[in-house]
Amino acid sequence: MGIALSNRNTDYRAALDYLFARTTGKSKLGLERTSALLAEMGNPHDGLRTFHVAGTNGKGSVCATLETTLREKGLRVGKYTSPHLVDFRERFLVNGRPVDERYVVEFIERWTPAVERIGATFFEATTAMAFDLFARERVDAAIIETGLGGRLDSTNVVRPLVAGVTSIGIDHVEYLGDTREEIAAEKAGIFKPGVPAVVGERDPAIRALLATLARARGASRVLDVETDAVPTEVVVRADGTAFNVTVGDERGSVRTGLTGAHQASNASLALLMLNAAGGQFATSLKEAREALPRVRLPGRFQQVGQYIFDVAHNPDGAEVFAATVDAVGPERPRAVVLCVLADKDWRGVMTALSRVVDEFVLTDAPTAPSTRAWDRQAAMDFARTCGWQATSEADFDRALARASDTARTVLVTGSFHTVGDAMVRLNVDPVAG
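Note that the coordinates shown come from a computational prediction; the quantities given were computed from them, not determined experimentally. Positions within a chain are numbered from 1, following the residues in the order the chain's sequence is written. The model is predicted, so local features are restricted to residues of pLDDT at least 70 and side-chain atom pairs to those at 80 or more, both for listing and for counting; the totals for chains, interfaces and linings are taken over all residues. With hydrogens and water stripped out, all remaining heavy atoms of the structure feed into the side-chain values.

A. Quick peek at the overall build of the protein. In this description a helix means any DSSP run of H or I spanning at least four residues, a strand means any run of E spanning at least two, and both kinds are numbered starting from the N terminus. Each helix and strand counted, the protein has 16 helices and 17 strands in total. Just to be clear, the radius of gyration here is over C-alpha atoms, and the globule rule we use is 2.2 Å times residues to the power 0.38. What you see for the protein is a C-alpha radius of gyration of 21 Å, in line with the 22 Å of a compact globule of 433 residues. The principal-axis extents of the C-alpha atoms in the protein amount to approximately 55 × 50 × 40 Å. For every residue, the accessible area (1.4 Å probe, protein chains only) is compared with the maximum for its type, and the residue is labelled buried under 20%, exposed over 50%, or partly exposed between those bounds. For the protein, buried positions account for 58% of its 433 residues. In the protein, the share of contacts with a sequence separation of at least 24, taken over all contacts with a separation of at least 6, comes to 75%. All accessibility values rest on the Shrake-Rupley procedure with a 1.4 Å probe; residue burial counts only the protein chains present in the view. Accessible surface, the protein: about 17,000 Å² in total, of which carbon and sulfur atoms supply 47%. Taken together, the 50 basic and 55 acidic charged side chains of the protein have centroids lying 3 Å from each other. We call two residues in contact whenever any of their non-hydrogen atoms come within 4.5 Å of each other. Think of it this way: Lys and Arg go in the positive column, Asp and Glu in the negative one, and His and the chain ends go nowhere. Taken as the charge centre is NZ of Lys, CZ of Arg, CG of Asp or CD of Glu, depending on the residue.

B. Summary view of the pairing of strand β10 (residues 240-247). Within β10, 7 of the 8 residues are buried, which leaves the element mostly enclosed by the surrounding structure. As judged from the 4 bridges shared by strand β9 (residues 232-237) and β10, these two strands associate in the antiparallel manner. Within the sheet, the bridge partner assigned to threonine 232 lies in β10 and is asparagine 244. Hairpin connection between β9 and β10: a loop of 2 residues separates the two successive antiparallel strands. Paired strands, as defined in this entry, are two strands with at least two bridges between them according to DSSP. As paired strands, β10 and strand β11 (residues 250-256) are joined by 7 bridges and run antiparallel to one another. By the bridge assignment for β11, alanine 242 is matched with arginine 255.

C. Local environment of the sheet that holds strand β12 (residues 302-304). Pairing in this open sheet of 6 strands is mixed, and the strands run β12-β13-β17-β14-β15-β16 from one edge to the other. Whereas interior strands pair on both sides, the edge strands pair on one side only; in this sheet they are β12 and β16 (390-392). Going across the sheet, the axis of each strand differs from the next one's by a mean of 20°, ignoring polarity. With respect to the sheet, helix α14 (residues 376-386) is in contact with β15 (359-362) and β16, its orientation differing from that of β16 by roughly 165°. In this description, a line fitted to the C-alpha atoms serves as the axis of each element, helices being fitted only across the stretch in contact, and the angle between N-to-C directions of two axes falls anywhere from 0 to 180 degrees.

D. Main features of helix α10 (residues 261-277). An expected span of 1.5 Å times one less than the residue number is assigned to each helix. Helix length check: α10 (17 residues) gives 25 Å between terminal C-alpha atoms against 24 Å at 1.5 Å per residue, within 8%. Among the 17 residues of α10, 13 are classified as buried, and the element is accordingly described as predominantly covered. Once α10 ends, the next one or two residues include glycine 278, with phi positive near 70°.

E. Expanded view of the side chain of threonine 256. Inspection of the secondary structure puts threonine 256 in strand β11. Overall, threonine 256 belongs to the buried group, its relative accessible area being 1%. The term polar contact refers here to a pair of N or O atoms within 3.5 Å; inside protein, the definition further demands a hydrogen-donor-capable atom paired with an acceptor-capable atom, and it admits residues adjacent in sequence only when both atoms are side-chain atoms. At a separation of 3.2 Å, a polar atom in the side chain of threonine 256 contacts the main-chain amide nitrogen of leucine 258. Not counting chain neighbours up to four residues away, the residues in contact with threonine 256 comprise Asp239, Gly240, Thr241, Phe243, Gln263, Leu292, Pro293 and Val295.

F. Representation of the packing of aromatic side chains within the structure. Stacked, edge-to-face and tilted are the three classes for Phe, Tyr and Trp ring pairs, Trp counted by its six-membered ring, which pair at centre distances within 6.5 Å; planes under 30 degrees apart are stacked, over 60 edge-to-face, the rest tilted. Throughout the structure, instances matching the rule amount to 14 aromatic pairs. An aromatic cluster of at least three residues, connected via ring pairs, comprises Phe20, Tyr80, Phe88, Phe92, Phe122 and Phe123. For a lysine, the NZ atom is tested; for an arginine, the CZ atom; a charge sits over a ring if that atom is within 6 Å of the ring centre and within 35 degrees of the ring normal. Over the face of the ring belonging to tyrosine 12 we find arginine 89, whose NZ or CZ atom lies 5.9 Å from the ring centre.

G. Just the packing of helix α3 (residues 59-72) against α10, in detail. Where α3 contacts α10, the two axes come as close as 9 Å, and the packing angle between them is 50°. In this view, α3 runs oblique relative to α10, as classed from their interaxial angle. Considering only the axes of α3 and α10, their crossing is right-handed. For the pair formed by α3 and α10, the contact residues are Ser61, Val62, Thr65, Leu66, Thr69 and Leu70 on the first element and Gln263, Asn266, Ala267, Leu269, Ala270, Met273 and Leu274 on the second. Each residue is assigned to one class: nonpolar for Ala, Val, Leu, Ile, Met, Phe, Trp, Tyr, Cys and Pro, charged for Asp, Glu, Lys and Arg, and polar for all the others, Gly among them. Among the residues forming the contact of α3 with α10, the class breakdown is 8 nonpolar, 5 polar and no charged. An angle counts as roughly parallel when it lies under 35 degrees, as roughly antiparallel when it exceeds 145, as roughly perpendicular when it falls between 65 and 115, and as oblique in every other case. Here is the rule for handedness: rotate from the far helix to the near one, and if that takes an anticlockwise turn smaller than a right angle the crossing is left-handed, while a clockwise turn gives right-handed.

H. Inspection of the pattern of salt bridges at higher detail. Whenever a carboxyl oxygen of Asp or Glu lies within 4 Å of a side-chain nitrogen of Lys or Arg, that contact is scored as a salt bridge. One pass over the full model with this rule turns up 25 salt bridges. Residues arginine 33 and glutamate 32 are paired through a salt bridge, measuring 3.2 Å at the closest nitrogen-oxygen approach. Judged by its relative accessible area of 12%, arginine 33 falls in the buried class. Between arginine 384 and aspartate 381 there is a salt bridge, with its nearest N and O atoms 3.9 Å apart.

If you want it as structure tokens, here you go:
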């Protein structure tokens, strides 16, 4: 199913305008508004069987792996993730299909009075929308990705079957803290009493901290990828990543359709979560071999012709992206069309990318909020100081055209806005096939 809009375009756009107007100002963390809104809706989340995923990088990949594996079992699966690349409806998928525009309009019309009375934010309203949709659709499993942090993230109203934390990096320091330890403590807030906790972090100290926090929060058991399902013999190719892994009581080779050495760890985390949930969700090595090659995720080392799209938006993500470019070895010369939001470490992103690209084309993504626009001239000056070849082009279309004309491979990265805006112009549908 594509994401072309229907004749209800006007109502749908008006509904979105209302929702997005609630993104103004500083984020308000906390569960009280989400809980109040859900209570008025009859607490639809209470009847859902959920898989809850937090982390700095890798959440989307873990959620995509969970979704594909469960769907291959014949289950009806809902997935709630953020942000979107092209269209808001990408955030809510049921069996891979985006929510219908009509549902979005009807939900907003019905619940606007409650949203305004409670003072719910954009993300709180959309989280409530996801739970309502998944309850109405009677999904067998709902995969829920945190938006920001974990402890005070509005998705943290769920009591999941299992909670997983991927990697911990420096991001959103204004909300989560400026050390990896502080950020880990916020992410670990999704661990619940009596619920299995699964850890994907590779750094021994942070991994141990997450395990300690999980036990302190009363997790029924604590599993981690490095101990319980460590991927080995990882081989990265353009069409995916092969590796050996422990699945239940078996160990053997599997291949995920996602490209990058880090995707072996993300897939291993998802498999650990499924087996920790148990019952109909438990997954054998045979099932993993059949399901994982089908995993797809837009904007994660996604190759379309000469373009490679990746939503890396912090230095850790950019390092992983660069390592994957190294491993796959796409044709040179390579240019990167780059726009990073001002509140991210764009110097770190540029430094990570510098070793795998021949030219930076610095630009402004049209959908990036003006309040978060980066200082493109400062980025240009930084590139010159470092001795990198760089061009500054404010017009996004001209930036894409320049990179396409001068390079055999064009990387598009820096933010979801950068990737999504390029997809619109290049007619790439993020939910196709």
